[in-house]
2 protein chains.
Amino acid sequence: MTQELSKRLAKIREQMVLCGVDACLLSTTVNILYANGSIFSGYYYIPVEGTPIRFVKRPAGLNGENILYIRKPEQLPEQLLESGLPLPEKLMLEGDEMSHGDWMRLQACFAGVELMNGTNDLRKVRSIKTDYEVSLIRSSAEAHVRAYKRIPDVYRPGMTDNAFSIEIERLMRLEGNLGLFRTFGDMEAFMGSILTGENASVASPYDFALGGAGTVSNPIGAAGLELLPGKSIMIDMAGNFTGYLDDLTRTFSIGKLTEQAYKAHQVSIDIQQRLMEEMKEGAVCEDLWELSLKMATDAGLADCYMGTTQQAKFVGHGVGIVINELPVIATRSRDLLKANMTVAIEPKFVIEGVGAVGVEDTFLIEKNGCERLTKLDYDIVDLTK
Amino acid sequence: MTQELSKRLAKIREQMVLCGVDACLLSTTVNILYANGSIFSGYYYIPVEGTPIRFVKRPAGLNGENILYIRKPEQLPEQLLESGLPLPEKLMLEGDEMSHGDWMRLQACFAGVELMNGTNDLRKVRSIKTDYEVSLIRSSAEAHVRAYKRIPDVYRPGMTDNAFSIEIERLMRLEGNLGLFRTFGDMEAFMGSILTGENASVASPYDFALGGAGTVSNPIGAAGLELLPGKSIMIDMAGNFTGYLDDLTRTFSIGKLTEQAYKAHQVSIDIQQRLMEEMKEGAVCEDLWELSLKMATDAGLADCYMGTTQQAKFVGHGVGIVINELPVIATRSRDLLKANMTVAIEPKFVIEGVGAVGVEDTFLIEKNGCERLTKLDYDIVDLTK
């Protein structure tokens, strides 16, 4: 792990140099887990040169080099000086994640130090995975596929979407899913979403690909609807088996769906396979989105692509410690794909009278192409067979 | 629901007047759910007088009075003026919850307006429940009790803590638990924690009552340990059945535990029952904590009260939309209990060679006393019987 953390540290420092900061102070769970390899409550201080220091509030009893216990951030400057480190002139903080209150408290501690919002820079760093991180996402994808293969076993006629979801959640947990669904920004979901019938067209406050009524307290996904003949069931759960997430969506049905539904499902597969031809280092995210939209439009399905009541303007997103890492494969995104990015591609359609159809898979971007990590059949599975 | 929301609005406005602000702009999921009764992405603007306005980004298609769609916060001032509302002189924001980046963006939108951090004030408002909110917590507590009663049914010899947890999670979900474990601050857990044997003494980075190794990615609770004879199993899951959480912990065992363990468990019950006599409007939180600590000390159990490696300095906390609402029943907390607060009381001990013992229940504070909402036997249940 030491070598792995050295690689991540080098990547963070490369970005720090680009930003012209001489130190970075991490305090969010996600970035501390990324940079330190495990979670503590406190601050991870990274000078652009020299040894990083872990300023730990909790847990008690950590041993190791360069661990200093503190009770409050006001101790940081004196502790840095006692450690022989100069105070930084320009300090990177996670300004789009830490609260305004915490930022102001640190600004008071580091009077005269210029603070810089590094959230987006750190997200960029995390968007390109090390080989070890890729191996964790690959393991998540494999476990995810094993769990999804067992989905037909837990279906019972007359079930509601909630009851079905509970059994699928259990399958995922039995395969080792940790449960936590980590996101960037103000989005919440339990382990994922399951959408059947009309519920697929219900707009959500969250920026997921599709919505669903969910509950008042968490308006996303299953809404207590019975699984009925002729309806599709889209299952989109986060694959958090290793702390690194893959993303995988498959469509199921109760009996036969309409021709239109099968056609749209095939267009989703076609879009994904066409994008696979284009995805490699240097591909422009916006171009991939536009290509997907053109294919949906050419198939006469523009009106139900990525929703109906509310249409998402993206077809994919990075995955990693959170479900929505960079890049976003979206309208107006000039981001370029890079080798060792891991992205989920999810062209989806909402078909009136049926529900949602389509597929989502997770891919590893390579220099000259990409690899699908979620190796599972694409077909709509009829649960009554 | 209209009447209920009017009550909540009046409570928020009372606090706004105390703070001397003429408007409040809510943007976090928790406070929008509280004030609006449902979640949207955007801003809920509350002038100290007149009609609140919902500025909605998502979901599409909301109908109702005083709903204005916006794409970005920069539209807020012009939209307020177009609605005939003056710009505020002093505006309350959720400064300890919203990101620094979001705060700065709003500050730029509202140039010249004094911004005020209202996070703690809004938490104070939420700490005193309306009767309807109490009814939701009561419903959660009842469902929680039903699920816990079935725990012995899903135990199988040779299980690990993880396998046992998965079956208990399923029981909770089948009773209607929404799964989401909402917290204030940087704490994360899946549906709750289960601690057996030595794992109970593992210190956690999070500020929960007890820890447990969990996983690298979520260091809390179950750690893949087999459930062994002579060990306790403490089950502490969040009761989110209605969007409002209760909290309930019970202790189980594999066969017989040591005398010391049963004695400590009884001290936990004694502490809780003694606190029940003291809990009513006007009780001082610190005094309740000190009383609990004195009872633990008198029983010769101070060294293992609320942990060993790392000892929590609180015995209870408010519950509501998040698991850790105000007040905190903790050292140095001069907060007073008030009628219609809902608090969980969790005196716990970690016994060497056995694991954690103790109970946690959720109480409604009343003018002259309190009511236990989680009506379940206190005894340690031997799962092998």
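Residues numbered from 1 in each chain as written. Chains lettered and ligands numbered in written order. Predicted model: local features only at pLDDT ≥ 70, side-chain atom pairs only at ≥ 80, totals over all residues.

**Concerning the relation of the copies chain B and chain A**
The transform that puts chain B on chain A rotates by 180° and translates by 0.0 Å along the axis, for an RMSD of 0.0 Å. Such a turn and shift between the copies fits a two-fold axis. Of all interface residues in chain B, 98% are interface residues in chain A too; the two copies therefore contact each other through one and the same surface. (Least-squares fit on C-alpha atoms with pLDDT ≥ 70 in both. Contact = placed C-beta atoms within 7 Å.)

**Section: the domain arrangement of chain A**
Residue and element names in this part refer to chain A. What the domain assignment reports for chain A is domain 1 (2-126) and domain 2 (135-382). Taking the mean C-alpha position of each, domain 1 and domain 2 sit 35 Å from one another. On the side of domain 2, six residues touch domain 1, which itself brings six residues to the contact. Counted by class, the side of domain 1 that touches domain 2 contains three nonpolar, no polar and three charged residues. (Domains from an automatic or database assignment. Nonpolar A, V, L, I, M, F, W, Y, C, P; charged D, E, K, R; others polar.)

**Quick notes on the nonpolar core**
Core analysis: the biggest nonpolar cluster contains 228 residues, and Cys24(A) and Cys24(B) have the highest contact counts within it. In this structure, Cys24(B) is in contact with Ile12(B), Met16(B), Ile46(B), Met92(B) and Gly118(B), ignoring residues within four places of it in sequence. (Core = buried A, V, L, I, M, F, W, Y, C linked by C-beta atoms within 7 Å. Buried ≥ 20, exposed ≤ 12 C-beta atoms within 10 Å, placed from the backbone.)

**What to know about the sheet that holds strand E11 (residues 325-330) of chain A**
All names here are of chain A. If you walk across this open sheet you meet the five strands as E11-E10-E12-E15-E16, and the pairing is antiparallel. One side of each edge strand has no neighbouring strand; the edge strands of this open sheet are E11 and strand E16 (370-372). For this sheet the average axis-to-axis angle between neighbouring strands, irrespective of direction, equals 25°. In terms of strand pairing, strand E10 (residues 314-318) meets strand E12 (residues 342-345) through three bridges, oriented antiparallel. Residue pairing across strands places His317 opposite Ala344, the latter belonging to E12. Packing against the sheet, helix H5 (residues 119-127) makes contact with E10 and E11, and its axis sits at approximately 85° to E11. In the packing of helix H10 (residues 285-298) onto the sheet, the strands contacted are E10 and E11, and the crossing angle to E11 comes to about 45°. (Pairing = 2+ DSSP bridges. Helix = DSSP H or I, 4+ residues; strand = E, 2+ residues; numbered from the N terminus. Axes fitted to C-alpha atoms, helices over the stretch in contact; angles between N-to-C directions.)

**Focus: the pairing of strand E6 (residues 114-117) of chain B**
Residue and element names in this part refer to chain B. In terms of strand pairing, strand E5 (residues 90-93) meets E6 through four bridges, oriented parallel. The residue bridging Lys90 from the neighbouring strand is Glu114, located in E6. Handedness of the β-α-β unit built from E5, helix H4 (residues 100-109) and E6 comes out right-handed. (Right-handed = clockwise from strand over helix to strand, strands pointing away.)

**A closer look at helix H8 (residues 161-174) of chain B**
The first and last C-alpha atoms of H8(B) sit 20 Å apart over 14 residues, in line with the 20 Å expected at 1.5 Å per residue. Listed in full, the buried residues belonging to H8(B) are Asp161(B), Phe164(B), Ser165(B), Ile166(B), Ile168(B), Glu169(B), Met172(B) and Arg173(B). Those residues of H8(B) that are buried are in contact with helix H8 (161-174) of chain A together with helix H6 (131-149), helix H7 (151-154), strand E7 (192-196) and strand E8 (232-240) of chain B. Gly176(B), located one to two residues past H8(B), shows a positive phi value of around 110°. (Expected span 1.5 Å × (residues − 1).)

**Looking at the interface of chain B and chain A**
Of the residues lining the interface, 44 residues belong to chain B; the matching set on chain A comes to 43 residues. Sorting the residues of the side of chain B that touches chain A by element identifies helix H2 (29-36), H4 and H8 of chain B as the ones contributing at least two each. Among the elements that make up the side of chain B that touches chain A, the one with the highest residue count is H8(B) (five residues). Residue composition of the side of chain B that touches chain A, by class: 17 nonpolar, 19 polar and eight charged.

**A look at unusual backbone geometry**
Here Leu326(A) and Pro327(A) are connected by a cis peptide whose omega angle stands at 0°. A positive phi angle, near 55°, is found at Asn66(A), a position not held by glycine. You can see Asn66(A) is positioned in the loop between strand E3 (53-58) and strand E4 (67-69). The phi dihedral of Arg332(B) is positive, around 65°, even though this residue is not glycine.

**Quick word on H5(A)**
Residues Thr119(A), Leu122(A), Arg123(A), Val125(A), Arg126(A) and Ser127(A) constitute the buried set of H5(A). Buried residues in H5(A) make contact with helix H1 (2-19), helix H2 (29-36), strand E6 (114-117), E10 and E11 of chain A together with H4 of chain B.

**Focus on the confidence of the model for chain A**
Across chain A, pLDDT averages 97, with 100% of residues at or above 70. For this predicted complex, the interface confidence reaches an ipTM of 0.97, while the overall pTM sits at 0.98. (pLDDT = per-residue confidence, 0-100.)

**Overview of the environment of Leu293(B)**
When you line up the elements, Leu293(B) lands in helix H10 (residues 285-298). The spacing of Leu293(B) and Ile271(B) is 22 residues in sequence and 8.9 Å in space, taken between C-alpha atoms.

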